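Residue-level structure breakdown
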Amino acid sequence: MTKKNEKVMITIAEREIKKFVGEWEKKPYLWESETDIHAEIYMRIKKSLRKVFPLKERYKYEKKDNEEYLDWVYCKPLITRSRKNQRKWYYPDIVIFKHNKKNNGCVESKPIWICEIKYTTEWSSGVSNNNIKNDGKKMQRLLKQKADDTSANQACLLVLKRKQWKSKNKQNREKWHRIEIKKILKGTGVKLYYKEVRNN
């Protein structure tokens, strides 16, 4: 997996997110829960990645005899990190991996892009600033800190809000909320995608 291919994969993933946000804005009631959003975006990214990067090579896990095909993108995969002699477990919403074979022939999978999704509707609980701050910190820990570590290259946060009340200042409200979230994410290196729809 070359650096150029990694960039292409990330570009494909973020293109699919932008495309989905545009469709969601027009027809927000097609997706009722955050799980619906996860599944939709995950499958779109998977389909697009396989068109450009078909699964041709098999890989073998440590202590396993059989070689298996591994996909490029997974939903809610386990990623572990060690900090201050403590192991931390993370389950990001969507992750793109690159796979390489080590000298012993076994696979070494590294995340190159991670995405967290927050979705709130008129019938669900809201997305608090504390939730966003926690996600920002989590992704910051998973982002690349050193050139030789196993952290991700890029991370993004997608926030979608579907509300049902009259608002004369929709654009101003949305702009204010986006600025507020950007302030929370400042310094984390996390890219923000944000959109609101408000229905009377």
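See the structure printed just above.
Below or above, wherever it landed, is the structure these notes cover. (Residues numbered from 1 in each chain as written. Predicted model: local features only at pLDDT ≥ 70, side-chain atom pairs only at ≥ 80, totals over all residues. Heavy atoms only, no water.)

1. Digging into the overall build of the protein chain
A tally of helices and strands in the protein chain yields 4 helices and 9 strands. Counting from the amino terminus, the protein chain carries its helices and strands in the arrangement α-α-β-β-β-β-β-β-β-α-β-α-β. When burial is assessed residue by residue, the protein chain has 44% of its 200 residues classed as buried. Here the contacts in the protein chain between residues at least 6 apart in sequence split such that 63% fall between residues at least 24 apart. Working note: accessible area of the protein chain is about 12000 Å², and carbon and sulfur atoms make up 47% of it. (Helix = DSSP H or I, 4+ residues; strand = E, 2+ residues; numbered from the N terminus. Buried < 20%, exposed > 50% of the residue type's maximum accessible area, 1.4 Å probe, protein only. Contact = heavy atoms within 4.5 Å. Areas by Shrake-Rupley, 256 points an atom, 1.4 Å probe, with all protein chains shown as cover.)

2. Some points on the pairing of strand 4 (residues 79-83)
Taken together, the 5 bridges between strand 4 and strand 5 (residues 86-90) define a ladder with antiparallel strand orientation. Looking across to strand 5, one finds that Ile79 is bridged to Tyr90. Once strand 4 ends, the chain turns through 2 residues before running back antiparallel as strand 5, passing Lys84 with a positive phi of about 55 degrees. (Pairing = 2+ DSSP bridges.)

3. Examining the side chain of Arg44
Here Arg44 is to be found in helix 2 (residues 34-52). At 2.6 Å, the side chain of Arg44 forms a polar contact with the side chain of Glu23. Not counting the four nearest positions on each side in its chain, Arg44 is found in contact with Glu16, Lys19, Phe20, Glu23 and Trp31. (Polar contact = N/O pair within 3.5 Å; in protein donor to acceptor, adjacent residues only side chain to side chain.)

4. Description of the layout of surface pockets
Here the largest pocket is characterised by a volume of approximately 390 Å³. If you go around the largest pocket, you meet 17 residues; those closest to its centre are Leu78, Phe97, Ser109, Lys110 and Pro111. Residues of the lining of the largest pocket, tallied by class, amount to 8 nonpolar, 5 polar and 4 charged. (1 Å grid on protein atoms, 1.4 Å probe; cavity = no way out; pocket = protein on both sides within 12 Å on 5 of 7 lines; lining within 4 Å. Points joined across faces, edges and corners; volume = space filled by probe spheres on them. Nonpolar A, V, L, I, M, F, W, Y, C, P; charged D, E, K, R; others polar.)

5. What about the packing of aromatic side chains?
Summed over the entire model, instances satisfying the criterion amount to 4 aromatic pairs. For the ring pair Trp24 and Tyr119, a centre distance of 6.1 Å and an interplane angle of 80 degrees mean the geometry is edge-to-face. Here the residue Trp24 occupies a position in helix 1 (residues 3-26), and Tyr119 occupies one in strand 7 (residues 107-120), the gap between them amounting to 95 residues. In this structure, Trp24 and Tyr119 share a single accessibility class: buried. Here the aromatic rings of Tyr74 and Phe97 are separated by 6.1 Å at their centres, their planes lie at 70 degrees, and the arrangement is edge-to-face. (Phe/Tyr/Trp six-rings, centres within 6.5 Å; stacked < 30°, edge-to-face > 60°.)

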